[in-house]
Amino acid sequence: MKASKSHKFRQQHVSLPLGSSLVGWLAEDILAREPEGRDLSGTAVVFPGRRPALYLRRELGRLIGGPFHPPRIFDIDSFMAYTAGRSPGGSGRRDAGQVELLHLVYATARDMEADGEHLLLPAVTSSFEGFFFWGLKFLDLFDEFGTELVPPARIKQAVPSALADAGITEEARGLWPVLPGLYSKWLDALAGNSLWSRGEKYRIAAEHVDRLEWPFSKIYLAGFAALNRAEEKVFSVLTRLGIARVVVQDGPSPWTVNDVRWKHLERLRSVCHGTWDHQINRSPNHQFLHLHQGFDLHSQIHMAEDVFARNLEDRGKLAPDQEAVVLPRPEPLIPVLSRLFEDAAFPYNISMGYPLERTALARLLASVFDAQEGRINDKYYAPHYLAVLRHPYIKSLRLHSPSTSDQQITKSLATDTHRHTQTAQSTDQPINRSTDSSLRSVVHFLEAWLAREKRSFVRLEELEKAIAHLDEKDFPASQFLPHVHQMCFKAFEGLKKIGEHATALKSLLEWTVEYGAATGYPLSGEFMTAMAGLLDELEAGPVSREAASATGIHSLFCHLVRQTRIPFQGVPLEGFQILGFLETRCLEFQRVMIFDLNEGVLPPESRPDPIMPPDLRKYLGLPDKKQAVEISRYHFQRLLAGAGEIHLFFSEDKGKGRIRSRFIEELIWEAEKRAGRRDVIPIHGPVMFQRPGIPSALPVKKSLQVIDFLSAFTFSATALDTYLSCPFRFYAKYVLGLDAPDVIDRDEIDPLLVGTLVHDILREFYLPWLDREIQFSADRDNDLMTKSDMALEGTFGSKAEWSGSVRLFREVLLYRLSNFLRLEREHAQGHMLMGLEVPCKMDLNLGRGRKVRVKGVLDRVEKDRKGTVWVIDYKTGSRIQLPRATVASKVSGRETIKQEIVSFQMPMYLLLCDRHYGLGSGWSGINAALYGLRGLAGSSNLNALRAVLFKQGDSRDKIVKDIYVPALKAIIEEILDPEVPFAHDPSDFGHCRTCPYSRRLCKVG
Ligand code: SF4
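In what follows, the accompanying structure is described. In this text, all values refer to a predicted model and were calculated from it rather than measured experimentally.

1. A closer look at the overall build of the chain
Part 1 of the reasoning: A count of helices and strands for the chain gives 39 helices and 26 strands.
Part 2 of the reasoning: In the chain, which comprises 1005 residues, the share counted as buried stands at 54%.
Part 3 of the reasoning: Accessible area for the chain stands at about 44,300 Å²; split by element, carbon and sulfur atoms hold 51% of it.

The following block contains the structure:
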């Protein structure tokens, strides 16, 4: 031992009761040993985390009551770095960022492969893009090797048979022989570059701890629950030297049985030299425990609002040990802040690591990558394009930046080398300085335009052209949109290197800050800083020169943001404490509210490790992941034991796999066992309430203007079906004209693209037989191919430019349609083709001299060999809906019409066809069929694909005259009736889920 001022603790280590104040005890013990109490710099305190340092300094200040030199306070990571840094093997090393480490492990593996040491490495080291996933796993594993003091030699001895039954992936098993050599070379690479990782700091600290000089007379090792091997070595040495005093919290809480034994604490004691003073007794059972069961996080927060509303009015300034809101997973942070704290006047502190992945910023950059991944040549997939423009940071961009001159913007556009075309507006036309319009209206216009044009893929120049007419003196849309396109899309086209991507992303971030409202969002400063830090890492050093495809950089970026935590430190120390679960270690609070106490959250779910199976972990002496549950249980019980009032929130929804934490089950079980009866702890449920006060939930009355509008309205089957499903939705879409493009929103290619193309191809295919008999020729398939290629070229440009995915899409399309036509050939041969895509309109007499217009487009009309006229409709996406009504049906009122008619499409098409072709209402000679063109491949019978309106024996005349026509008139009468308001109908969950008005306008469904 070489302590500069040796001071052996007479009474060494202490086990305090679980519910005691560790920080309070420490402050008193430190001062008892320094009677003058003003210079405590000879003492060091090491906690497992950072936060207790703030509390200890505060408590010492309170007890001393004046200025003082505080003790040196470490968290364990910084203590190990301090120890390692004073060791011969650690001096001069610096911390490396995650990206730098990732590239270094890649370079190390690549060098090994170049040396021909391992034949299996080329598969993963052929590119950085292919390697980084394994690289991140290696880094985690090597850190664990470091903290658990696993030497390369031990790894080498690991028995391959331990892997044989382990169920790991082939690739990981193939990598196993690489690990000992790679780890050994990794340690050399770190030393050679004067870098270290967390694991390496721990390893060096443990290796050299018994040969160091210490500037402290005593070191408190306080509040630890379980130690890794490197920590055990440090604890063992420091206690053997008599310089360290270990303080733990142990024993039963009011919520555990008397003889609880925390095994990890027993092990901790076993590695420490010296005697123990056990001050353990049972904490008094004077606590108030409340369980709150919601069905999701939002209902938990809603119940918490109630707890907040009680008690808080008359509380003055809150001490930092009064109120804690604990979030075992960080995702609820933003809803908790906005619901509980936004309007409250209480100060609060956040102390937790928030995942960068959860931020709007990360979502914006991910959307930009999606757009590049989905791009085919210079055409962007419309949903991806809109996802970028709809992002709040982009949508709220101002067309004028207060900090940027007109000339700057103009210059930026003029010097844009990626712009391929000029819009009608010249770039030398200055942006009006008074302009302050946001991009919002442009986005809405483009959404509607894309939906109307049924465009799945679109060129940016086409969109710029489409909005040209929106230009006004104070609204230079056509000048601003190209700038948006440049920053969000074109700047990323053709990039090959990781550094280039990082630079483009940084420019995009800076631009959103300069022009947008990005900085106005809560915590956006911290989010921006963290993201900029990550991009700086990708932009600098050798990693920046690595090649990466759009998919590769997207994947790398996603992995990195998933791992990046934004550290909120929670200073100054006052008000409510909003803490992550581990940040509660060593602290106690009078009132504790813990959210999300569900299985998989607390204790956390343990995921299978793709490299290190459980058997092998055991062989290498690595801790079993099950120990993590026991340690979480300890921290949970310790936190509860120190609190006076406890509120535990959880969700129960077995259908969605949400079940309450086993820790709650244990609390209930223990309480019932002690009381000898059931239901000892009441569980509060969410208060269900109506929302009569929400104006959007009230039915909308029809004003005179609305009645006028409706009288002149031309009713389509789609409009009537919308009304049947929900009158309010009809009102929003057709009366207010809020035609939200719900179709374009779907993140799949089929419905829109297949729908448009199939209709186009089939129209072209049947066109030669218009007004003639259908006669399929032998080279039907060639004909289909020609027609299909023409339609595809109309959408994707010339064949030579088609990407792989367009070619693949063509194959699927041809396969489906040729199957359809194979079946059609049997059925439609010899039918007289009367019409293709026939637009029809007619007046419908409602009686008493009133009439309305109805309209529709008939995909195909033909007369079969028996003289029956068929109205045929192709369906490529939505489910097939036919009326159920029989002659016995009653059709009065929307509800019964909805049940019986289901959809007005076929009934209306019959009427329109009859009128258009002058068939004279001979209903027995007309029928309708819906052809479902989805999933055609395996069908061998056309009837499996088509749904026919009238079956054999149906009284068609009666059904049309007595059911369809009266129902049609009744529903239109109801729409026109001034006394019947537009009410909400949330009865169909599926319908509300896809309703574009459900989030903002409606709030009922
Ligand atoms: S969400 Fe449901 S209730 Fe609300 S408007 Fe849409 S369909 Fe109607």
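That shown, we press on.
2. Things to note about the packing of aromatic side chains
Part 1 of the reasoning: One pass over the full model with this rule turns up 45 aromatic pairs.
Part 2 of the reasoning: The interplanar angle of 80° and the centroid separation of 5.0 Å between the aromatic rings of F713 and F715 together place this pair among those described as edge-to-face. Across the pair, exposure class does not vary: F713 and F715 are buried alike.
Part 3 of the reasoning: Between F820 and Y874, the aromatic rings sit 6.5 Å apart at their centres with planes inclined by 85°, giving edge-to-face as the arrangement. Here Y874 lies in strand β24 (residues 869–875) and F820 lies in helix α34 (residues 804–828), a separation of 54 residues in the sequence.
Part 4 of the reasoning: By relative accessible area, which is 5% here, Y874 ends up buried.
Part 5 of the reasoning: Cluster of aromatic residues (ring-pair linked, three or more members): F709, F713, F715, Y723, F728, F730, Y731, Y734 and F982.
Part 6 of the reasoning: Directly above the ring of W870 sits R946, whose terminal nitrogen or CZ lies 5.2 Å from the centroid.

3. Structural notes on the nonpolar core
Part 1 of the reasoning: Counting 122 residues, the largest nonpolar core has F145, W186, V325, Y385, V484, W511 and M531 as its most contacted members.
Part 2 of the reasoning: Among the elements that make up this core, the one with the highest residue count is helix α6 (residues 128–147) (ten residues).
Part 3 of the reasoning: Leave out the neighbours within four places in its chain, and F145 touches V150, I155, Y183, M612, L620 and L622.
Part 4 of the reasoning: Formed by 61 residues, the second largest nonpolar core is a distinct cluster that contains L710, F730, V838 and L844.

4. Quick look at the pattern of salt bridges
Side-chain pairs of opposite charge can arise whenever the charged atoms involved come near each other.
Part 1 of the reasoning: Going through the model one piece at a time under the given rule, you end up with 45 salt bridges.
Part 2 of the reasoning: Its salt-bridge partner being D29, residue R33 comes within 3.1 Å of it at the nearest N-O pair. Of the two residues, R33 and D29 both sit in helix α1 (residues 22–33), four residues apart, roughly one turn of that helix.
Part 3 of the reasoning: Residue R33 is classed as partly exposed on the basis of its relative accessible area, which comes to 21%.
Part 4 of the reasoning: A salt bridge links E200 to R203; the shortest N-O distance between them is 2.8 Å. Taken as a pair, E200 and R203 lie in helix α11 (residues 198–208) at a separation of three residues, close to a single helical turn.
Part 5 of the reasoning: Classification of E200 by relative accessible area gives buried; the value is 2%.

5. A few points about helix α2 (residues 52–64)
Part 1 of the reasoning: For α2, spanning 13 residues, the distance from its first C-alpha to its last is 18 Å, which sits close to the expected 18 Å at 1.5 Å a residue.
Part 2 of the reasoning: Among the residues making up α2, those that are buried are P52, A53, Y55, L56, E59, L60 and I64. Looking straight down α2, one finds its buried side chains confined to an arc of 160°; they lie on one side.
Part 3 of the reasoning: Looking at the buried side of α2, the elements it contacts are α1, β3 (43–47), β4 (72–75) and β17 (576–580).

6. Here we look at the site of the ligand
Part 1 of the reasoning: Near the ligand you find twelve residues, and of these C726, F728, C992, C995 and C1002 are the closest.
Part 2 of the reasoning: Taken together, the residues that form the shell around the ligand break down as six nonpolar, four polar and two charged.

7. Quick notes on the sheet that holds strand β13 (residues 348–355)
Part 1 of the reasoning: One open sheet accounts for eight strands, arranged β16-β13-β17-β12-β18-β19-β11-β20; its pairing is mixed. Where the open sheet ends on each side, the last strands, each with one partner, are β16 (565–568) and β20 (683–684).
Part 2 of the reasoning: Strand direction decides the pairing type here: strand β11 (residues 288–294) and β20, joined by two bridges, are parallel. Bridging across to β20, H292 finds its partner in H684.
Part 3 of the reasoning: Packed on one face of the sheet, helix α24 (residues 524–539) meets β13 and β16 and runs near 135° to β16.

8. Structural notes on the packing of helix α30 (residues 717–725) against helix α37 (residues 956–976)
Part 1 of the reasoning: Running from amino to carboxyl end, α30 crosses α37 at an angle of 70°, the nearest separation of the two axes being 11 Å. The orientation of α30 with respect to α37, classified from their angle, is roughly perpendicular. Touching L720, Y723 and L724 of α30 are L968, I971, I972, E974 and I975, all from α37.
Part 2 of the reasoning: Tallied by class, the residues present in the contact of α30 with α37 amount to seven nonpolar, no polar and one charged.

9. Things to note about the sheet that holds strand β10 (residues 276–278)
Part 1 of the reasoning: Across the sheet, six strands lie side by side as β4-β3-β8-β9-β2-β10; this open sheet has parallel pairing. Either end of the sheet is taken by a strand with one partner, and the two such strands are β4 and β10. Pairs of neighbouring strands in the sheet enclose a mean axial angle of 20°, with direction left out of account.
Part 2 of the reasoning: Where strand β2 (residues 13–17) lies against β10, three bridges are found, and the strand directions are parallel. Bridge pairing links H13 to W276 in β10.
Part 3 of the reasoning: Along the sheet face, helix α3 (residues 76–85) touches β3, β4 and β8 (218–222) and points at about 105° away from the line of β4.

10. So, the environment of S903
Part 1 of the reasoning: When you line up the elements, S903 lands in the loop between α35 (894–901) and α36 (905–917).
Part 2 of the reasoning: Residues S903 and L724, 179 residues apart in the sequence, show an inter-C-alpha distance of 8.2 Å.
Part 3 of the reasoning: Excluding residues within four positions of it along the chain, S903 makes contact with D721, Q881 and P883.
Part 4 of the reasoning: Here D721 takes part through its side chain, which lies 2.8 Å from a polar atom of the side chain of S903.
Part 5 of the reasoning: A polar side-chain atom of S903 sits 3.1 Å from the main-chain amide nitrogen of Q905.

11. Overview of α1
Part 1 of the reasoning: Between its first and last C-alpha, α1 extends 17 Å over twelve residues, near the 16 Å set by a 1.5 Å rise per residue.
Part 2 of the reasoning: Burial analysis of α1 places nine of its twelve residues in the buried class, the great majority of the element.
Part 3 of the reasoning: Regarding α1, the residues found buried are L22, V23, G24, W25, L26, A27, D29, I30 and L31.
Part 4 of the reasoning: Next to the buried residues of α1 lie β2, β3, α2, β8 and β9 (244–250).

12. Focus on unusual backbone geometry
Part 1 of the reasoning: Look at the link from L602 to P603: it is a cis peptide, with omega at 0°.
Part 2 of the reasoning: In this structure, P603 sits in the loop between β18 (591–594) and α26 (614–620).
Part 3 of the reasoning: The phi dihedral of N377 falls on the positive side, at around 55°, and the residue is not glycine.
Part 4 of the reasoning: As for its position among the elements, N377 is in the loop between α16 (360–374) and β14 (379–381).
Part 5 of the reasoning: For V902, which is not glycine, the phi dihedral falls at a positive 65°.

13. Side note on the pairing of β4
Within a regular beta strand, the side chains point alternately toward one face of the sheet and then the other, so they alternate between its two faces.
Part 1 of the reasoning: Pairing geometry for β3 and β4, over four bridges, is parallel. What sits directly across from A44, in β4, is R72.
Part 2 of the reasoning: This β-α-β element, β3 to α2 to β4, shows right-handed connectivity.

14. Some remarks on the packing of α36 against α37
Part 1 of the reasoning: Where α36 contacts α37, the axes come no closer than 10 Å and their chain directions differ by 105°. Comparing their axes, α37 and α36 come out roughly perpendicular. Each of P907, M908, L910 and L911 in α36 lies in contact with α37, whose residues at this interface are V960, Y964, V965 and L968.
Part 2 of the reasoning: Residue composition of the contact of α36 with α37, by class: eight nonpolar, no polar and no charged.

15. Observations concerning the environment of T551
Part 1 of the reasoning: Following the sequence through the fold, T551 ends up in helix α25 (residues 550–563).
Part 2 of the reasoning: Distance from T551 to Q372, taken between C-alpha atoms, is 8.4 Å for residues 179 residues apart in sequence.

16. A short note on the environment of R807
Part 1 of the reasoning: Inspection of the secondary structure puts R807 in helix α34.
Part 2 of the reasoning: We classify R807 as partly exposed; its relative accessible area is 37%.
Part 3 of the reasoning: Residues R807 and L792 lie 15 residues apart in sequence; the distance between their C-alpha atoms is 9.6 Å.

Conventions and cut-offs
Residues numbered from 1 in each chain as written. Predicted model: local features only at pLDDT ≥ 70, side-chain atom pairs only at ≥ 80, totals over all residues. Heavy atoms only, no water. Helix = DSSP H or I, 4+ residues; strand = E, 2+ residues; numbered from the N terminus. Buried < 20%, exposed > 50% of the residue type's maximum accessible area, 1.4 Å probe, protein only. Areas by Shrake-Rupley, 256 points an atom, 1.4 Å probe, with all protein chains shown as cover. Phe/Tyr/Trp six-rings, centres within 6.5 Å; stacked < 30°, edge-to-face > 60°. Lys NZ or Arg CZ within 6 Å of the ring centre and 35° of its normal. Core = buried A, V, L, I, M, F, W, Y, C linked by side-chain atoms within 4.5 Å. Contact = heavy atoms within 4.5 Å. Salt bridge = Lys/Arg side-chain N within 4 Å of Asp/Glu carboxyl O. Expected span 1.5 Å × (residues − 1). Arc of directions from axis to C-beta. Near = heavy atom within 4 Å. Nonpolar A, V, L, I, M, F, W, Y, C, P; charged D, E, K, R; others polar. Pairing = 2+ DSSP bridges. Axes fitted to C-alpha atoms, helices over the stretch in contact; angles between N-to-C directions. Parallel < 35°, antiparallel > 145°, perpendicular 65-115°, else oblique. Polar contact = N/O pair within 3.5 Å; in protein donor to acceptor, adjacent residues only side chain to side chain. Right-handed = clockwise from strand over helix to strand, strands pointing away.

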